[in-house]
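# Secondary and tertiary structure notes
Spelled out from the first residue to the last, the chains are:
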Amino acid sequence: MAAITLIDDDENIVASVSLALESHGHAVKAYYDGASGLEAVEASPPDLVILDVKMPRMDGMEVLRRLRQTSEIPVIMLTSKDDEIDEILGFNLGADDYMHKPFSQRLLLERVKAVLRRARPDDEDLAPMAGSAAAAAGSKVMKRGKLTLDPARHDSLWDGKPVRLTVTEFLLLQALAQRPGFVKSRDNLMDAAYDDQVYVDDRTIDSHIKRMRKKFRQVDPEFDSIETLYGVGYRYRES
């Protein structure tokens, strides 16, 4: 179903996760340090990267940071650290999802399926149940002032200039731009960007919004179309 690159220095985790993924039809390439994994991903981009945080030669945060300079490939982070700082940092750097070790293979498979579904909404093998957030997301090109969103191509343009967004960022922006001027609570945005089985807290949404604003301001320093209503949520203001 998908080409997946797994980067983790724990041989037992690599073996068990690879077996679980391959048993569900995925093609897995595994690497045991960050530098080798990053080189492989850059040479032959997969559909998804599963990335450990603590590794030799180059840790997962640095791999993610470098990867996000050139690519928006979906990334699921793995960590043995029960530390919220790592999780927030990972989302700030552009991770799409996060899992703490130890984790069940079944839960990982569900997370993989959810991230791939968000990245490939037209894939029939990954088709969501009716009524889910992914099913509700529109497939037509959306234009809101200077903003153009093309879900089928995962393209985002601001005043004709491309802005590279991760899967999660794209879905959040799409949810906001669908109804300019209307406030979306963080819970509303969670529903738009994540499947029901995935729980994220408010700070995760804030991290994605912060990173998204930064990307648009690199194209247009005057960008201010995503407004924060403190204690309430966010809204899109059509320019």
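I will try to describe carefully the structure that is included in this document.

## Looking at the sheet that holds strand β1 (residues 3-7)
Sheet architecture is open: five strands sit in the order β2-β1-β3-β4-β5, paired in parallel fashion. Two strands bound the open sheet, and with one partner strand each, they are β2 (27-31) and β5 (97-100). Across the sheet, the mean angle separating the axes of adjacent strands is 20 degrees when strand polarity is ignored. Relative to β5, strand β4 (residues 75-79) runs parallel, the two sharing four bridges. Across the sheet, I76 pairs through a bridge with D97, a residue of β5. Helix-sheet contacts for helix α2 (residues 34-43) involve β1, β2 and β3 (48-52), and the interaxial angle to β1 is about 160 degrees. Helix-sheet contacts for helix α5 (residues 105-119) involve β1, β3, β4 and β5, and the interaxial angle to β5 is about 175 degrees.

## Considering the pairing of β1
The buried fraction of β1 amounts to four of the five residues, a majority that puts the element mostly inside the structure. Examined bridge by bridge, β1 and β2 share five bridges and lie parallel to one another. Note on β2: the bridge partner recorded for I4 is V28. Note that the unit made of β1, helix α1 (residues 11-23) and β2 has a crossover that is right-handed. Bridging between β1 and β3 involves four bridges; their strand directions are parallel.

## Section: the sheet that holds strand β9 (residues 161-162)
The sheet built from four strands is open, its strands ordered β6-β7-β8-β9 with antiparallel pairing. Each edge of the sheet is formed by a strand with only one pairing partner; in this case those strands are β6 (142-144) and β9. Pairing of strand β7 (residues 147-150) with strand β8 (residues 155-158), which is carried by four bridges, proceeds in the antiparallel orientation. By the bridge assignment, L147 is partnered in β8 with W158. Relative to the sheet, helix α7 (residues 167-177) contacts β6, β7 and β8, its axis offset from that of β7 by approximately 120 degrees.

## With respect to the pairing of strand β12 (residues 233-236)
For strand β10 (residues 183-184) and β12, the ladder comprises two bridges, and the chain directions are antiparallel. The partner of V183 across the bridge, within β12, is R235. Here four bridges tie strand β11 (residues 226-229) to β12, and the two strands are oriented antiparallel to one another. From the neighbouring strand, I226 faces β12, where its bridge partner is Y236. Two successive antiparallel strands, β11 and β12, enclose a turn made up of three residues, where G231 displays a positive phi of approximately 80 degrees.

## Focus: the environment of R118
Note on placement: R118 falls in helix α5. Along the backbone, R118 and V167 are 49 residues apart, and their C-alpha atoms lie at a distance of 6.4 Å.

Each value, and the rule that gives it
Residues numbered from 1 in each chain as written. Predicted model: local features only at pLDDT ≥ 70, side-chain atom pairs only at ≥ 80, totals over all residues. Heavy atoms only, no water. Pairing = 2+ DSSP bridges. Helix = DSSP H or I, 4+ residues; strand = E, 2+ residues; numbered from the N terminus. Axes fitted to C-alpha atoms, helices over the stretch in contact; angles between N-to-C directions. Contact = heavy atoms within 4.5 Å. Buried < 20%, exposed > 50% of the residue type's maximum accessible area, 1.4 Å probe, protein only. Right-handed = clockwise from strand over helix to strand, strands pointing away.

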